[in-house]
Amino acid sequence: MFDYDLLVVGSANADLVIGVERRPGAGETVLGSDLAVHPGGKGANQAVAAARLGARTALLARVGDDAYGRLLLDSQHAAGVDTVGVLVGDAPTGVALITVDPSGDNSIVVSPGANGRLTPGDVRAAGSLFHASRVVSAQLEIPLETVVEVVRNLAPDSRFVLNPSPPRPLPQEVLAACDPLIVNEHEAKVILGGSAVGDTPEDWARILLAKGPHSVVVTLGAEGALVASSEGVARVPSVKVDAVDTTGAGDAFTAALAWRLGAGASLAQAAAYAARVGAAAVTKEGAQASFPTAREVDAL
């Protein structure tokens, strides 16, 4: 019996958001809206998104002993996330600087701060959390060696989900544990590197699958997603919505998919549900503030 449906290992950032008419080019200054500060970070986002949907969720992360760290902890508690694995101190809380244009697209620069101090030793010390978790999810806003240690500490019956963002080449040990590896177009092309063949998401998914993951999901924004496994490749549609802000939508998708897989859904079923969750998230501003409840997803 698992105590948690999902353990998220990853980053926790304060999102500093400014709306702009257009994103600046090199050497250019543009004026924007008033600064808004939101709890964020891919790890913290996934944990809140899963808990909002009803998953029993825990977070393993590191924040600073500062106002941003307290903001992040308060947000996790409000969503019902167990923060027993959140470590405090050693560096300032991570910060993401985000610009959002009128179409809802965003550009992000991240200062990792305490996230860069989440170490393999921290993972080993949290062994009881791993053995209590049905699914473990990670991203790459923490050190890669820490993600490798996550793979090495998985419980025998648990499932590992990875969104390699920001993308970088992955060791075979990590690729072989992914079930699924979740990528968008940019992330897929970075991981494929010189192996890139073909121009379609189906091509990317098949080549990624050949690199070792048990399954692959390619997110396609408003077009939904594509799933690939030994059973074949299939498209999963989303629902049409008016996008306001895409910040955090990918994190909501990943969290929803990981939770549904742990509940016994097939990969295609979990991706279809996750696409609805991601669609709901883009209809509101912010990251965590935009994540829907299960009831809101059903209504969509």
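Notes on the structure follow.

Parameters and conventions
- Residues numbered from 1 in each chain as written.
- Predicted model: local features only at pLDDT ≥ 70, side-chain atom pairs only at ≥ 80, totals over all residues.
- Heavy atoms only, no water.
- Pairing = 2+ DSSP bridges.
- Helix = DSSP H or I, 4+ residues; strand = E, 2+ residues; numbered from the N terminus.
- Axes fitted to C-alpha atoms, helices over the stretch in contact; angles between N-to-C directions.
- Contact = heavy atoms within 4.5 Å.
- Buried < 20%, exposed > 50% of the residue type's maximum accessible area, 1.4 Å probe, protein only.
- Patch = residues over 30% accessible without salt bridge, like charges linked within 9 Å, V, L, I, M, F, W, Y side chains within 5 Å.
- Areas by Shrake-Rupley, 256 points an atom, 1.4 Å probe, with all protein chains shown as cover.
- Salt bridge = Lys/Arg side-chain N within 4 Å of Asp/Glu carboxyl O.

### A few points about the sheet that holds strand β13 (residues 232–236)
In space, the nine strands of this open sheet follow the order β5-β4-β1-β8-β9-β10-β11-β12-β13, with mixed pairing throughout. At either end of the open sheet lies a strand with only one pairing partner, and these are β5 (82–88) and β13. The average undirected angle you get between the axes of adjacent strands in this sheet is 15°. Inspection of the sheet shows strand β11 (residues 215–219) paired to strand β12 (residues 225–229) by five bridges, in the antiparallel sense. What sits directly across from V217, in β12, is V227. Strands β4 (57–63) and β5 of the sheet are contacted by helix α2 (residues 67–79), whose axis makes an angle of about 170° with β5. Docked against the sheet, helix α10 (residues 267–281) engages β10 (178–183), β11, β12 and β13, running at close to 160° with respect to β12.

### Examining the environment of L261
Tracing the sequence through the fold places L261 in helix α9 (residues 249–262). Separated by 127 residues in the primary sequence, L261 and R134 place their C-alpha atoms 9.6 Å from one another. When neighbours within four sequence positions are excluded, L261 is seen to be in contact with R159, D179, P180, S266, L267 and A270.

### Quick word on the pairing of β11
Most of β11 sits inside the fold, with four of its five residues counted as buried. Bridge analysis of β10 against β11 gives three bridges, and the strand direction is parallel. Counted as the bridge partner of V183 is V218 from β11. Between β11 and the antiparallel strand that follows it, β12, lie five residues; G221 among them carries a positive phi value of about 60°.

### Quick look at the sheet that holds strand β2 (residues 13–19)
The strand order across the open sheet formed by four strands is β3-β2-β6-β7, and the pairing between neighbours is mixed. A single partner strand is all that each edge strand has here, and the edge strands are β3 (36–40) and β7 (106–111). For this sheet, the mean angle separating the axes of adjacent strands, direction not counted, is 25°. Where strand β6 (residues 94–100) meets β7, six bridges bridge the pair, whose relative direction is antiparallel. Each residue of the ladder has a partner; that of I98, found in β7, is I108. Most of the contacts of α2 go to β3, to which it runs at about 60°, and overall it touches β2, β3 and β6.

### What about a nonpolar patch on the surface?
Taken together, the side chains of I18, L35, V37 and Y68 make up a nonpolar region of the molecular surface, amounting to roughly 320 Å² of accessible area. Relative to the helices and strands, L35 is located in the loop between β2 and β3. The exposure class of L35 is exposed, given its relative accessible area of 54%.

### Examining unusual backbone geometry
A cis amide bond, omega -5°, links S165 with the succeeding residue P166. By secondary structure assignment, the location of P166 is in the loop between β9 (159–163) and α6 (172–175). Of note, the phi angle at D90 is positive, near 80°, even though the residue is not glycine. Position of D90 relative to the elements: it lies in the loop between β5 and β6. You can call D90 exposed: its relative accessible area is 65%.

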